[in-house]
Amino acid sequence: MKNFLHAGRTCTFVAPYAVASGAGFVVGSLFAVANCDAAQGAEVEGDVEGVFAFPKATGANTDAAPGTKIYFDTALKTFTKTSGGNTVLIGATTRTASTTDTVYRVRLNGVTF
């Protein structure tokens, strides 16, 4: 195909703020995971698909069954299963996360929100 560019799992973005390798960020209607550290305004490669371990937000009710929707809180830059005004649906858990677990294992939905 003459119009094929790439598979699209990883894309190049302009970092909306300083991001660390492995951190989540939102550009427009896409959520991505930074492949390297990047300063605000610098180009950064970000994965929009795949399964990642993200630190759970602190507080009560952080357990999750497989398939639980996970959101990125754009104001706090944290991951939560609670939707709200500043949250973006990024995917769903792939395994159980008990209240004592420190991460959610999340399959990114790879679509715009």
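For the structure, see preceding data.
Below: a short report on this structure. (Residues numbered from 1 in each chain as written. Predicted model: local features only at pLDDT ≥ 70, side-chain atom pairs only at ≥ 80, totals over all residues. Heavy atoms only, no water.)

This part covers the environment of Phe 25. Positionally, Phe 25 belongs in strand E2 (residues 24-27). In this structure the C-alpha to C-alpha distance between Phe 25 and Arg 95, which are 70 residues apart in sequence, comes to 23 Å. If sequence neighbours within four positions are ignored, Phe 25 has contacts with Phe 13, Pro 16, Tyr 17, Val 19, Leu 30, Phe 31, Ala 32, Val 33, Ala 34, Val 44, Gly 46 and Phe 72. (Helix = DSSP H or I, 4+ residues; strand = E, 2+ residues; numbered from the N terminus. Contact = heavy atoms within 4.5 Å.)

Moving on to the packing of aromatic side chains. Given two aromatic rings, their pairing is described by the distance between the two centres and the angle made by the two planes. The final tally for this structure, using the stated rule, is seven aromatic pairs. With a centroid separation of 5.7 Å and 80° between ring planes, the pair formed by Phe 13 and Phe 25 is classed as edge-to-face. On the criterion of sequence distance, the pair formed by Phe 13 in strand E1 (residues 10-14) and Phe 25 in strand E2 is long-range, its members being twelve residues apart. Residue Phe 13 shares its accessibility class with Phe 25, and that shared class is buried. An aromatic cluster is built from Phe 31, Phe 52, Phe 54, Phe 72 and Phe 79, whose rings are joined through pairwise contacts. For the cation-ring pair, Lys 56 lies above Tyr 104, with the distance from its terminal atom to the ring centre recorded as 5.6 Å. The side chain of Lys 77 reaches across the aromatic face of Tyr 17, ending 4.4 Å from its centre. (Phe/Tyr/Trp six-rings, centres within 6.5 Å; stacked < 30°, edge-to-face > 60°. Buried < 20%, exposed > 50% of the residue type's maximum accessible area, 1.4 Å probe, protein only. Lys NZ or Arg CZ within 6 Å of the ring centre and 35° of its normal.)

Moving on: empty space enclosed by the protein. Scanning the entire structure with this criterion turns up one cavity of 30 Å³ or more. Approximately 60 Å³ is the volume attributed to the largest cavity. As for the largest cavity, its lining consists of ten residues, and the residues nearest its centre are Phe 31, Ile 90, Asn 109, Gly 110 and Val 111. Elements represented by at least two residues in the lining of the largest cavity include exactly strand E3 (30-34) and strand E8 (87-93). A class-by-class count of the residues in the lining of the largest cavity yields eight nonpolar, two polar and no charged. (1 Å grid on protein atoms, 1.4 Å probe; cavity = no way out; pocket = protein on both sides within 12 Å on 5 of 7 lines; lining within 4 Å. Points joined across faces, edges and corners; volume = space filled by probe spheres on them. Nonpolar A, V, L, I, M, F, W, Y, C, P; charged D, E, K, R; others polar.)

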